[in-house]
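Structural characterization, general
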Amino acid sequence: MDIYCTYGAPWRIDQARAAVGEMAFHALVAGSAVLEDPTGGPPLRLSAGDILLLPRREDHVLHDGSGAPAAPAHTRTGSNLLISENAGAGERLDMLCGHFVLARPQERLLRDYLPPRLVVRTAETTASATSSGTRDVLTGLVSLMRHEAVSDGLGGRAMLDALSTALFTLTLRLASEARETPAGLLALAGHARLAPALSALFNEPGRPWTLPKLARLCNMSRATLARQFQERLGQSASELLTDIRMALAASELRKPSVNTGAVAETVGYQSEAAFQRAFRQRMGVTPAQWRRGTQSAELAAPSLPS
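Conventions adopted
Residues numbered from 1 in each chain as written. Predicted model: local features only at pLDDT ≥ 70, side-chain atom pairs only at ≥ 80, totals over all residues. Heavy atoms only, no water. Helix = DSSP H or I, 4+ residues; strand = E, 2+ residues; numbered from the N terminus. Expected span 1.5 Å × (residues − 1). Buried < 20%, exposed > 50% of the residue type's maximum accessible area, 1.4 Å probe, protein only. Arc of directions from axis to C-beta. Contact = heavy atoms within 4.5 Å. Polar contact = N/O pair within 3.5 Å; in protein donor to acceptor, adjacent residues only side chain to side chain. Phe/Tyr/Trp six-rings, centres within 6.5 Å; stacked < 30°, edge-to-face > 60°. Lys NZ or Arg CZ within 6 Å of the ring centre and 35° of its normal. Pairing = 2+ DSSP bridges. pLDDT = per-residue confidence, 0-100. Axes fitted to C-alpha atoms, helices over the stretch in contact; angles between N-to-C directions. Parallel < 35°, antiparallel > 145°, perpendicular 65-115°, else oblique. Nonpolar A, V, L, I, M, F, W, Y, C, P; charged D, E, K, R; others polar.

Right, let's get into helix H7 (residues 222-233). With 12 residues, H7 extends 16 Å between its outermost C-alpha atoms, agreeing within 8% with the 16 Å of an ideal straight helix rising 1.5 Å per residue. For H7, the full list of buried residues reads Leu 225, Gln 228, Phe 229 and Leu 233. Summarising the axial view, the buried residues of H7 lie within an arc of 100°, below the 170-degree limit, and thus occupy one face. Exposed side chains of H7 directed beyond 90 degrees from the buried face belong to Ala 223 and Glu 231. Residues of H7 that are buried sit in contact with helix H1 (104-113), helix H4 (185-189), helix H5 (195-203), helix H6 (211-217) and helix H8 (237-252). Phi for Gly 234, located one or two positions after H7, is positive at around 80°.

The following block contains the structure:
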């Protein structure tokens, strides 16, 4: 969690591009907002109960939609969180703003397979019946986070950081349960018949999965499985498997005691040369260069006080 915004209209937020490995989020507790499309498309209107996730790290603008110059805002330090306020007299906005932090390989995987702007609407009454339980839990979670943001409770900051992890998971879960799921991993995860194949790829990426093997898990023909992956994910099952393997390999390469050959075997490659080619194609650097880069970053990171 970064900041709690409580504004009266008119107001405006200009948020800079997120750092590498970060995904900005905004949770509207009350009021409404307009998100400008940086590509020039139509603005996106947000209402109370909406949660916005921006996987692509883009800079973005949120405002009240009136077009009037924003009332000056000031920021103060609360007991558990920064609080930004203004003196606007119009419709009030209550919004929790923060960012999720992911390790680089996992961040890249999610960024590539999630939509540029993901919105889940916890107050949406037309959501499918299967999502109602998740929606209620997520609504309660956001309410608890707002309470911790404005209260003086002991340990509130730690609570907010821990609850943010649950917010990330529940947001993706609710998005996967929507009737109109955006193309990508969420559309794949929301298809019950494809669940065995998706679980197999993520849980056992080192196995020699083929399209016939995955199709048998789902009780589908090869052609049907291939079509479902392409329609819902925009990629083939083999392309997703390669990305999962490279994310796992990048994590394994951080371990100085594990050599490249062992990493290649772990992620399902019989040939170290084939693994090195695949890694360089997906990650843009060789496994050795990746390892040196992560080790240098860890050495440069400040240590925590003892």
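After that view, the rundown keeps rolling.
Locating Asp 50 in the fold gives a position in strand S6 (residues 50-54). Relative accessible area serves as the criterion here: at 3%, Asp 50 is assigned to the buried category. A polar atom in the side chain of Asp 50 sits 2.7 Å from the backbone nitrogen of Ser 47. Asp 50 has contacts with His 26, Ala 27, Leu 28, Arg 45, Val 119, Val 120 and Arg 121, leaving out every residue within four places of it along the chain.

The subject of this paragraph is the packing of aromatic side chains. Using the criterion set out here, one finds 6 aromatic pairs in the structure. Members of the aromatic cluster, connected to one another through ring pairs, are Tyr 269, Phe 275, Phe 279 and Trp 290. Arg 245 extends its terminal NZ or CZ atom over the ring of Tyr 269, reaching a point 5.5 Å from the ring centre.

Looking at H5, one finds that the buried residues are Ala 197, Leu 198, Ala 200 and Leu 201. Projection of H5 onto a plane perpendicular to its axis shows the buried side chains occupying an angular sector of 160°, all on one side.

Below, the discussion takes up the pairing of strand S11 (residues 118-121). Burial of the side chains of S11 is restricted to one face: Leu 118 and Val 120 are buried, whereas none of Val 119 and Arg 121 on the reverse face is. Note: S6 against S11, 4 bridges, orientation antiparallel. In the strand pairing of S11, Leu 52 is matched with Val 119.

Another aspect to go through is the confidence of the model for the protein. Of the residues in the protein, 93% reach a pLDDT of 70 or more, and the chain-wide mean stands at 89. The model gives residues 301-306 a pLDDT under 50, and that stretch makes 0 contacts with residues more than four places away or in other chains.

This part covers unusual backbone geometry. Each neighbour pair has its own omega, and for Ala 9 with Pro 10 the value is 0°, a cis peptide bond. Of note, Pro 10 is situated in the loop between strand S1 (3-8) and strand S2 (12-15). Of note, Arg 57 is a non-glycine position whose phi angle comes to about 65°, a positive value. Within the secondary structure, Arg 57 sits in the loop between S6 and strand S7 (60-63). Residue Arg 57 is classed as buried on the basis of its relative accessible area, which comes to 14%. One non-glycine residue, Asn 219, adopts positive backbone phi at about 55°. Locating Asn 219 in the fold gives a position in the loop between H6 and H7. Classification of Asn 219 as exposed rests on a relative accessible area of 69%.

Turning to the environment of Leu 172, a few remarks are in order. Among the structural elements, Leu 172 can be located in helix H3 (residues 156-177). Among the residues examined, Leu 172 registers a relative accessible area of 15% and is labelled buried. It is 9.7 Å that separates the C-alpha atoms of Leu 172 and Leu 185, two residues lying 13 residues apart in sequence. Once you skip the residues sitting within four places of it in the chain, Leu 172 turns out to touch Leu 53, Leu 114, Leu 118 and Leu 186.

On to the sheet that holds strand S5 (residues 44-47), then. Taken together, 4 strands build an open sheet; the order of strands is S2-S7-S4-S5 and the sheet is antiparallel. Where the open sheet ends on each side, the last strands, each with one partner, are S2 and S5. Averaged over all pairs of adjacent strands, the angle between their axes in this sheet comes to 20°, without regard to strand direction. Here S2 runs beside S7; their pairing, made up of 4 bridges, is antiparallel. If you follow Gln 15 over to S7, its bridge partner there is His 60.

A few words now on the environment of Glu 239. Mapped onto the elements of the fold, Glu 239 is located in helix H8. Excluding residues that lie within four positions of it along the chain, Glu 239 makes contacts with Tyr 113 and Arg 282. There is a polar contact of 2.8 Å between the side chain of Glu 239 and the backbone nitrogen of Ser 236.

Across the interface, H8 lies against helix H10 (residues 272-283) with an axial gap of 10 Å and an inter-helix angle of 95°. Here H8 lies roughly perpendicular to H10, going by the angle between them. Residues Glu 239, Thr 242, Asp 243, Met 246, Ala 249 and Ala 250 of H8 form the contact with H10, whose own contacting residues are Phe 275, Ala 278, Phe 279, Arg 282 and Met 283. Classifying every residue of the contact of H8 with H10 by side-chain character gives 7 nonpolar, 1 polar and 3 charged.

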